[in-house]
Amino acid sequence: MSVSHRKSRKSARREHLAIFSFAAFAGAVMLGGAAPVPAKPAGQGYGAQPPMFLAAQRVLDARIESLGRDFSGDVGIAVKDLQTGYVTHYDGNSHFPQQSVSKFWVTLTALDKADRGELSINSPVTVRKSDLTLFNQPIAAQVGANGYTTTLSELMRRAMQQSDNTCNDFVLWRAGGPEAVRDFLARKGINGVRFGPGERIMQSRIAGMEWNSSMAGSGFYAARNKVPASVRRAAFERYVSDPVDGATPVGIVDALGKLQRGELLSPSSTDKLLRIMSNTRTGPQRLKGGLAPGWSLAHKTGTGQVFGPVQSGYNDIGILTAPDGSAYAVAVMIRRTTVPIPTRMQLMQNVTRAVADYQRNVQAYSLTRSNYGGPTRGSN
């Protein structure tokens, strides 16, 4: 049997199970009985939804609960239906390390400043060697003796799409630093999100060090290798247990919903950011790896340091859009895990697939109502 045939059979079986589950829930509701489901794990209330719609939500509740419970590691998952406001989650109100997911807040802050006329994102700026940070920074190859001249707009694009740390840090300080980001979060009513001191300081402290300019580039690894294991372990554990850049999955999907509704930025800036996120190059096999044909994803990944066998922070957040234009905010945040990377990716892909199955079930409900003369989704 060919690989593609095996995959198609597996996909068909998954879809059959999802539809069968939905039919079981819907049948129980239609007959007036109690649907055989666990209590809603900790999500927000269902609200005054029609019975069949409620059945689709309960199926998604059960799948998100199962995915979170069965994963070998500390994970938080949240999904928000941006049409209805319905949210389901697994450990969605705990704070998880964001790592490069925090670049999302930096870009939002800079675009908000631009919207208010406080920052020019299209004027020339020069990145110099003294601006270089650590870990992933592709722009370093272009920073010569006289620096590299570009714009904040281009640096934001690189920070979001390539997760370039130097680009992000440069934008952060031009936008006013960490306090400006925290002010943005407070003004926009974004809850459950912390913002740390910036990449250089935070990553150094996670490794049990204090930043100095000699650590830029490969110097960071040389300095970290000299830190006693006991010091590194203590610093690593402090960060993981109470991340200075922590965010809750529920808080993140709520903020993504506000972005999609145009509540955070001007229409042009909202469109700009979503287009940038739709072309993110990192994490092609995380949430994006589970996309069904016709679906799209605007997202930002985050990956933290490793100490021994433990990864601190392995994330993907974004907005999934169905072929009919329906949108869903999703956040999968892994606090710590030792499982192989493909297993983490599979979890994220399965969350994406669960959302697609939910959408299919909602469409089935809407079609049924339409065929029998009832109100369709979105009607008054």
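Residues numbered from 1 in each chain as written. Predicted model: local features only at pLDDT ≥ 70, side-chain atom pairs only at ≥ 80, totals over all residues. Heavy atoms only, no water.

### Let's talk about the overall build of the protein chain
- When helices and strands are counted, the protein chain shows 12 helices and 8 strands.
- When each of the 380 residues of the protein chain is scored for burial, the buried share is 50%.
- Taking as baseline every contact in the protein chain between residues at least 6 positions apart, the subset at least 24 positions apart corresponds to 69%.
- Of the roughly 16,300 Å² of accessible surface on the protein chain, 53% is carried by carbon and sulfur atoms. (Helix = DSSP H or I, 4+ residues; strand = E, 2+ residues; numbered from the N terminus. Buried < 20%, exposed > 50% of the residue type's maximum accessible area, 1.4 Å probe, protein only. Contact = heavy atoms within 4.5 Å. Areas by Shrake-Rupley, 256 points an atom, 1.4 Å probe, with all protein chains shown as cover.)

### Focus on the nonpolar core
- Judged by nonpolar contacts, the single largest core of 52 residues is most densely connected at F104, W105, L108, L155, I252 and L273.
- Residues in contact with F104, not counting those within four places in the same chain, are M160, L256, L259, L273, M277 and I317.
- Core analysis: the next-biggest nonpolar cluster, separate from the first, contains 30 residues, V332, V339, V355 and Y358 among them. (Core = buried A, V, L, I, M, F, W, Y, C linked by side-chain atoms within 4.5 Å.)

### Description of the side chain of S204
- Relative to the elements of secondary structure, S204 occurs in helix 7 (residues 199-206).
- The class for S204 is buried, based on a relative accessible area of 0%.
- Non-local contacts of S204, meaning those with residues more than four positions away in its chain, are made with E199, M209, E210, W211, M215 and F220.

### Side note on the pattern of salt bridges
- One pass over the structure, following the stated rule, counts 22 salt bridges.
- Across the pair E154 and R158 runs a salt bridge, and its minimum N-O distance is 3.4 Å. Of the two residues, E154 and R158 are both situated in helix 4 (residues 152-161); the distance of 4 residues between them amounts to about one turn of the helix.
- On the accessibility criterion, R158 (9% relative accessible area) is buried.
- One salt bridge in this structure joins R261 and E263, with 2.8 Å as the shortest N-O distance.
- Looking at R261, the relative accessible area reads 39%, which means it is partly exposed.
- Counted as one network, the salt bridges with shared partners bring together D112, K113, R116, E118, D183 and R187. (Salt bridge = Lys/Arg side-chain N within 4 Å of Asp/Glu carboxyl O.)

### Some remarks on the packing of aromatic side chains
- Within this structure, the stated rule accounts for 8 aromatic pairs.
- By way of ring pairs, the aromatic residues Y86, W295, Y328 and Y358 are connected into one cluster.
- Over the aromatic face of Y314 sits the side chain of R344, whose NZ or CZ is 4.9 Å from the ring centroid. (Phe/Tyr/Trp six-rings, centres within 6.5 Å; stacked < 30°, edge-to-face > 60°. Lys NZ or Arg CZ within 6 Å of the ring centre and 35° of its normal.)

### Here we look at the side chain of S100
- Examined against the element boundaries, S100 turns out to sit in the loop between strand 2 (87-90) and helix 3 (103-115).
- Residue classification places S100 among the buried positions, given a relative accessible area of 9%.
- At a separation of 2.7 Å, a polar atom in the side chain of S100 contacts the side chain of K103.
- Once residues within four sequence positions are removed from consideration, S100 is found in contact with S163, N165, E199, K300, T301, G302 and T303. (Polar contact = N/O pair within 3.5 Å; in protein donor to acceptor, adjacent residues only side chain to side chain.)

### So, the pairing of strand 8 (residues 327-337)
- Burial of strand 8 is extensive: 10 of the 11 residues sit out of reach of the surface.
- Two elements, strand 1 (residues 73-81) and strand 8, share 9 bridges in a ladder whose sense is antiparallel. Along strand 8, the bridge assignment pairs V79 with V330.
- By the bridge criterion, 10 bridges tie strand 7 (residues 310-321) to strand 8 in an arrangement that is antiparallel. In the sheet register, D316 faces strand 8, and the bridge partner there is V332.
- In this antiparallel pair of consecutive strands, strand 7 and strand 8, the connection spans 5 residues, and G325 shows a positive phi of 95°. (Pairing = 2+ DSSP bridges.)

### Looking at helix 3
- Look at helix 3: 18 Å from first C-alpha to last across 13 residues, which is about the 18 Å you get at 1.5 Å a residue.
- Residue G117 follows helix 3 closely and has a positive phi angle near 75°. (Expected span 1.5 Å × (residues − 1).)

### So, the pairing of strand 3 (residues 124-127)
- Only one face of strand 3 is covered, namely the face carrying V125 and V127; the face carrying P124 and T126 is uncovered.
- Where strand 3 meets strand 4 (residues 148-151), 4 bridges bridge the pair, whose relative direction is antiparallel. Considered in strand 4, the bridge of V125 is made with T150.

### A word on the environment of P342
- Relative to the elements of secondary structure, P342 occurs in helix 12 (residues 341-371).
- You can call P342 exposed: its relative accessible area is 57%.

Just distances and angles here, no functional claims.
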